[in-house]
Amino acid sequence: FDDSYFLHFENFLNLFSFLCEEFHLKYCQCGVKIDRITQAFLYFIKVGYKDPNTKPRVLRIMTGWFTSLCEMGLDFQTLQLEYYQDDREFLDLLNLFKEEQLSGWEQFQVIKHDNELVEVETNVQSGVLSLCARDKGGQLLTHVAAAYDRVDILQWLVVEKGMDLNDEDGQGRNVSRVAEVTKALSTSNWIVNHEAKIVIASFIWAHMQRRLAVHRREKILG
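This section reports on the structure supplied with the text. (Residues numbered from 1 in each chain as written. Predicted model: local features only at pLDDT ≥ 70, side-chain atom pairs only at ≥ 80, totals over all residues. Heavy atoms only, no water.)

**A short note on helix 7 (residues 117-126)**
Keep this limit in mind: Each residue gets one of three labels from its accessible area relative to the maximum for its type: buried under 20%, exposed over 50%, partly exposed in between, using a 1.4 Å probe on protein chains only. Helix and strand labels come from DSSP, where a helix needs a run of H or I of at least four residues and a strand needs a run of E of at least two; each type is numbered from the N terminus. Here, the arc refers to the directions that run from the helix axis to the C-beta atoms. We call two residues in contact whenever any of their non-hydrogen atoms come within 4.5 Å of each other.
For helix 7, the full list of buried residues reads V120, N123 and V124. The arc that holds the buried residues of helix 7, viewed along the axis, is 95°, so those residues lie on one side. Of the exposed residues in helix 7, those oriented more than 90 degrees away from the buried face are Q125 and S126. The secondary structure elements touched by the buried residues of helix 7 are helix 6 (109-112), helix 8 (141-147) and helix 9 (151-160). Taken from the residues just after helix 7, G127 is the one with a positive phi, measuring 90°.

**Considering a nonpolar patch on the surface**
What counts is decided by this rule: A patch consists of residues whose relative accessible area exceeds 30% and which take part in no salt bridge; residues with like charges are grouped when within 9 Å of each other, and nonpolar side chains (Val, Leu, Ile, Met, Phe, Trp, Tyr) when within 5 Å. Calculation of accessible area relied on Shrake-Rupley with a 1.4 Å probe; when residues are assessed, cover is drawn exclusively from the protein chains displayed. For this analysis, a salt bridge means a side-chain nitrogen from Lys or Arg found within 4 Å of a carboxyl oxygen belonging to Asp or Glu.
On the surface, a cluster of nonpolar side chains totalling about 430 Å² of accessible area is made up of I200, F203, I204 and M208. Tracing the sequence through the fold places I200 in helix 11 (residues 185-221).

**Some thoughts on the packing of helix 7 against helix 9**
Worth spelling out the cut-off: Here an angle of 0 to 180 degrees is reported between the N-to-C directions of two axes, which are lines fitted to C-alpha atoms, with helices fitted over the stretch in contact. In this scheme the crossing of two helices becomes right-handed for a clockwise turn of the near helix relative to the far one and left-handed for an anticlockwise turn of less than a right angle.
Contact geometry of helix 7 with helix 9 gives a least axis separation of 9 Å together with a crossing angle of 35°. Between helix 7 and helix 9 lies a crossing whose hand is right-handed. The segment helix 7 lies against helix 9, with L117, V120, E121, V124 and Q125 engaging D152, I153 and W156.

**Observations regarding unusual backbone geometry**
Non-glycine residue D149 carries a positive phi angle of around 60°. Among the structural elements, D149 can be located in the loop between helix 8 and helix 9. We note that K183 has phi near 55°; this positive angle belongs to a residue other than glycine. Along the chain, the position of K183 falls in the loop between helix 10 (175-181) and helix 11.

**Things to note about the environment of V144**
Structurally, V144 is set in helix 8. Taking the C-alpha atoms as reference points, V144 and V175, 31 residues apart in sequence, are found 8.6 Å from one another. With sequence-adjacent residues up to four places away left out, V144 is seen in contact with F108, I111, K112, D135 and Q139.

**Here we look at the pattern of salt bridges**
With the rule as written, the count across this model stands at six salt bridges. With its nearest N and O atoms 2.8 Å apart, the salt bridge here joins D169 to R173. Summarising the burial analysis for this pair, D169 and R173 share the class buried. With its nearest N and O atoms 2.9 Å apart, the salt bridge here joins R177 to E180. Taken as a pair, R177 and E180 lie in helix 10 at a separation of three residues, close to a single helical turn. Residues joined in a network through salt bridges with shared partners are D114, R150 and D152.

**What to know about the packing of aromatic side chains**
The geometry of an aromatic ring pair comes down to the distance between the two centres and the angle between the two planes. Note the threshold: Centres within 6.5 Å make a pair out of two Phe, Tyr or Trp rings, where for Trp the six-membered ring is used; the pair is then stacked when the planes are under 30 degrees apart, edge-to-face when over 60, and tilted otherwise.
Following the criterion strictly, the structure yields two aromatic pairs and no others. On the numbers, 4.6 Å between centres and 20° between planes, the contact of F66 with F97 is stacked. Taken together, the positions of F66 in helix 4 (residues 55-72) and F97 in helix 5 (residues 88-106) put the pair 31 residues apart, joining distant regions of the chain. Aromatic ring contacts, followed pair by pair, group F66, F76 and F97 into a single cluster.

**Regarding helix 11**
To be explicit about the condition: Expected helix span is given by 1.5 Å per residue-to-residue step, counting one fewer step than there are residues.
Between its first and last C-alpha atoms helix 11 spans 54 Å; for 37 residues at 1.5 Å apiece the expected length is 54 Å, and the two agree. The inward-facing, buried residues of helix 11 abut helix 8, helix 9 and helix 10.

Structure (structure tokens):
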């Protein structure tokens, strides 16, 4: 294989990352077709995996691709692997990526199983649980905390860790909407109160700035 063969895949990964970052490509915009894209991606790149000279480069490309899918919360557990039965090593690698995604989802159980806030804090601070991680369905920690009515965790994530209530899950729902559809009353009320405080604080700050501006002008003219 010449360099251009793999360059196409690397350019594809770069383009995918660019779309995610610059145009905020969302789960709901590509989730339906992601299996088809991945199948085509693997079909062409599988050939290079058999060659010892190009295998390390193929591995880097595949890792980049599946990492991007995980970061977006795109579920590739339904990926059909019967096409790769003739290459046991390649099949094992694909299963490893699937297992890693399942392991990542497992970390969200610390919220779902009603664990103490301190356990969530410890997992986040140690890096076991990433603030960027997405559960199955593209849900961030804030969505999961809201859905399971964990006010303590949601407040900590938003106030202390700076997570955004406007972030959307795989269905395009913000945190407030997730709390609403799951009938999580405590987190719904907290979100309403928190957003009201922000509006009030913003109004007071703007009012004070106007008063300061008037005071400065009067001082200059006086």
